[in-house]
Amino acid sequence: MSNGRDDRSTTRRLLRYAAPLGVAVAALAAWEIGVRVGEIPEYLLPTPGAVLQALRDNFETLGPAWLLTIRTMLTALAAAVVGGVLLAVLFAVSPLVENSLSPFAVILQVTPLIAIAPLINAWLGEQPWVVLFLCAWIVAFFPILANTLVGLRSADPGLRDLMQLYGATPWQRVRYLLAPSALPFFLAGLRVSANLSLVGAVVAEFAVGVVGSQTGLASTILESSYRLDVKQMFAALALISLTGVTMYATVHLLSQWLLSGWHESDDSRRG
């Protein structure tokens, strides 16, 4: 009985990873065949093989730009995590602080990045990477704050009263009650913010038109469009997509590891 259940669990795991891989391979094959059969010119839509070749030929240019985009994304995400979690704890402890500061957090979230990026660039134009970092941080910050705050407030009231009855210290309440309660919500916000930080870094670079040595993949796409180098544009887009998928998968695996064995969202607990 146990062996049959283990076999089914192993099959489900294999299918979970094989299914998206199979769909991706099928989509690339359909793309390649469609372009060749339709005789679509490469300056309109290159084949996946041509994009891969362009990636190899131009990696000396694309590689440093890719690393800069990744650096901007990861730095902004780390700052969003630290700032969002700390501010969520502060909001949970003090309703007065929340009422005072939450409107500003909402303003940052609802203001279009394409509108605020040129303003930041006007203030900090001599430091282009700082402009990109701030823009990426702005869009990544709010999901961390909002989700973590909801998690901190979702702790069981009965357990709160029990810990107060037994004289638990504030640190013990945070460690044994509030942190486990908020962790799934924080991870949900992290999953959103991880890709938003990438989007923010790319969109900000488009908006402010960064040039010079501190340029990422967005500037490479713009430059390639001016030269009508569609293959290099697709190569840069492929790197952006690869980065986003990798970040999503990394956060997903981190969530599974942290929630494994005790939270309802853990797949291993399902029948």
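Residues numbered from 1 in each chain as written. Predicted model: local features only at pLDDT ≥ 70, side-chain atom pairs only at ≥ 80, totals over all residues. Heavy atoms only, no water.

**Focus on the overall build of the protein**
Which entries qualify depends on this criterion: Helix and strand assignments follow DSSP, with helices taken as H or I runs no shorter than four residues and strands as E runs no shorter than two, numbered in order from the N terminus. When accessible area is computed with a 1.4 Å probe and restricted to protein chains, residues below 20% of their type maximum are described as buried, those above 50% as exposed, and intermediate ones as partly exposed. We call two residues in contact whenever any of their non-hydrogen atoms come within 4.5 Å of each other. All accessibility values rest on the Shrake-Rupley procedure with a 1.4 Å probe; residue burial counts only the protein chains present in the view.
A count of helical and extended segments in the protein gives ten helices and zero strands. Start at the N end of the protein and walk to the C end: the helices and strands fall as α-α-α-α-α-α-α-α-α-α. Taken along its principal axes, the extent of the C-alpha atoms in the protein is 75 × 65 × 25 Å. A buried classification covers 35% of the 271 residues belonging to the protein. Counting only contacts in the protein whose residues sit at least 6 apart along the sequence, the fraction spanning at least 24 positions is 70%. Per element, the accessible surface of the protein, about 15,800 Å² overall, is 68% carbon and sulfur.

**Let's talk about the nonpolar core**
Defined as follows: The nonpolar core is taken to be a set of buried Ala, Val, Leu, Ile, Met, Phe, Trp, Tyr and Cys residues, with the residues joined through side-chain atoms within 4.5 Å.
Within the largest apolar cluster, 24 residues are counted, with the highest numbers of intra-cluster contacts made by Leu62, Leu190, Leu217, Leu239 and Ile240. Among the secondary structure elements, those contributing two or more residues to this core are α2 (48–57), α3 (59–93), α8 (170–208), α9 (217–226) and α10 (230–259). Among the elements that make up this core, the one with the highest residue count is α10 (seven residues). Leu62 has contacts with Ala54, Leu55, Leu217, Thr220, Gln232, Ala235, Ala236 and Leu239, leaving out every residue within four places of it along the chain. Core analysis: the second largest hydrophobic core is formed by 16 residues, Ala88, Phe91, Leu152 and Leu178 among them.

**What to know about the side chain of Ser224**
As a reminder, the rule being used: We call two N or O atoms a polar contact when they sit within 3.5 Å, provided that within protein one can donate a hydrogen and the other can accept it, with sequence-adjacent residues counted only if both atoms are side-chain atoms.
Structurally, the position occupied by Ser224 is in helix α9. At a separation of 2.8 Å, a polar atom in the side chain of Ser224 contacts the main-chain carbonyl oxygen of Thr220. Excluding its chain neighbours within four sequence positions, the residues that come into contact with Ser224 are Asp229, Gln232 and Met233.

**Structural notes on the packing of aromatic side chains**
Each pair of aromatic rings is reported with the distance of its centres and the angle of its planes. Note the threshold: Any two of the Phe, Tyr and Trp rings considered here, Trp counted by its six-membered ring, make a pair once their centres fall within 6.5 Å; the pair's planes then place it as stacked at under 30 degrees, edge-to-face at over 60, or tilted in between.
Inspection of the entire model under this criterion finds three aromatic pairs. A centroid spacing of 5.9 Å and a plane angle of 50 degrees characterise the contact between Trp31 and Phe234, whose relative ring orientation is tilted. One end of the pair, Trp31, is in helix α1 (residues 2–38); the other, Phe234, is in helix α10, and 203 residues separate them in sequence. Take Trp31: its relative accessible area is 26%, and that puts it in the partly exposed class. Assessed through its relative accessible area of 23%, Phe234 is described here as partly exposed. Between Trp129 and Phe133, the aromatic rings sit 5.6 Å apart at their centres with planes inclined by 15 degrees, giving stacked as the arrangement. You can see Trp129 and its partner Phe133 sitting in helix α6 (residues 128–153), four residues apart, about one turn around the helix.

**Section: the pattern of salt bridges**
Operational definition: Here, a salt bridge means any Lys or Arg side-chain nitrogen found within 4 Å of an Asp or Glu carboxyl oxygen.
With the rule as written, the count across this model stands at five salt bridges. The shortest N-O distance in the salt bridge between Glu32 and Arg36 comes to 2.8 Å. With Glu32 and Arg36 both in helix α1, this residue pair falls four residues apart, about one helical turn. Glu32 gets classed as buried once you look at its relative accessible area, which sits at 18%. Salt bridges here are not isolated pairs; linked through shared partners, they connect Glu223, Arg227 and Asp229.

**Remarks on the layout of surface pockets**
Put simply, the rule reads: Residues are said to line a cavity or pocket when one of their atoms sits within 4 Å of a point; the points come from a 1 Å grid over protein atoms alone, cavities being sets where a 1.4 Å probe fits but cannot get out and pockets being open sets with protein on both sides within 12 Å along at least five of seven lines. Grid points are joined across faces, edges and corners, and a volume is the space filled by probe spheres set on the points. Asp, Glu, Lys and Arg are counted as charged, while Ala, Val, Leu, Ile, Met, Phe, Trp, Tyr, Cys and Pro are counted as nonpolar; the rest, among them Gly, fall into the polar class.
Put simply, the largest pocket is a space of about 460 Å³. For the lining of the largest pocket, the secondary structure elements donating two or more residues are α3, α6, α7 (157–165) and α8. Here the lining of the largest pocket takes nine residues from α8, the largest share from any one element. Among the residues forming the lining of the largest pocket, the class breakdown is 13 nonpolar, two polar and four charged.

**Points about the packing of α3 against α10**
Rules: Lines fitted to C-alpha atoms define the axes, with helix axes restricted to the stretch in contact, and inter-axis angles between N-to-C directions lie between 0 and 180 degrees. Left-handed describes a crossing whose near helix is turned anticlockwise from the far helix through less than a right angle; right-handed describes the clockwise counterpart.
The contact between α3 and α10 brings their axes to 11 Å, and the two run at 35 degrees. For the pair α3 and α10, the crossing hand works out as right-handed. Facing α3, whose interface residues are Leu62, Trp66, Ile70, Met73, Leu74 and Leu77, α10 presents Gln232, Ala235, Ala236, Leu239, Leu242, Thr243 and Met247.

**Quick look at a nonpolar patch on the surface**
Inclusion rule: Residues forming no salt bridge and having over 30% relative accessible area are the ones grouped into patches, like charges within 9 Å of each other and nonpolar side chains (Val, Leu, Ile, Met, Phe, Trp, Tyr) within 5 Å.
Together, Leu159, Leu162, Leu165 and Tyr166 line one region of the surface with nonpolar side chains, adding up to about 480 Å² of accessible area. For Leu165, the position within the fold is in helix α7. A residue is classified by how much of its surface remains accessible, and Leu165, at 68% relative accessible area, is exposed.

**Notes on the confidence of the model for the protein**
Detailed reading of predicted coordinates is not advised where the pLDDT is low. Cut-off, in case you're wondering: One confidence number per residue, pLDDT, is output by the predictor and ranges from 0 to 100.
Residues at a pLDDT of 70 or more form 90% of the protein, whose mean pLDDT is 85. Ranking the helices and strands of the protein by mean pLDDT puts α3 first, with 93, and α1 last, with 79.

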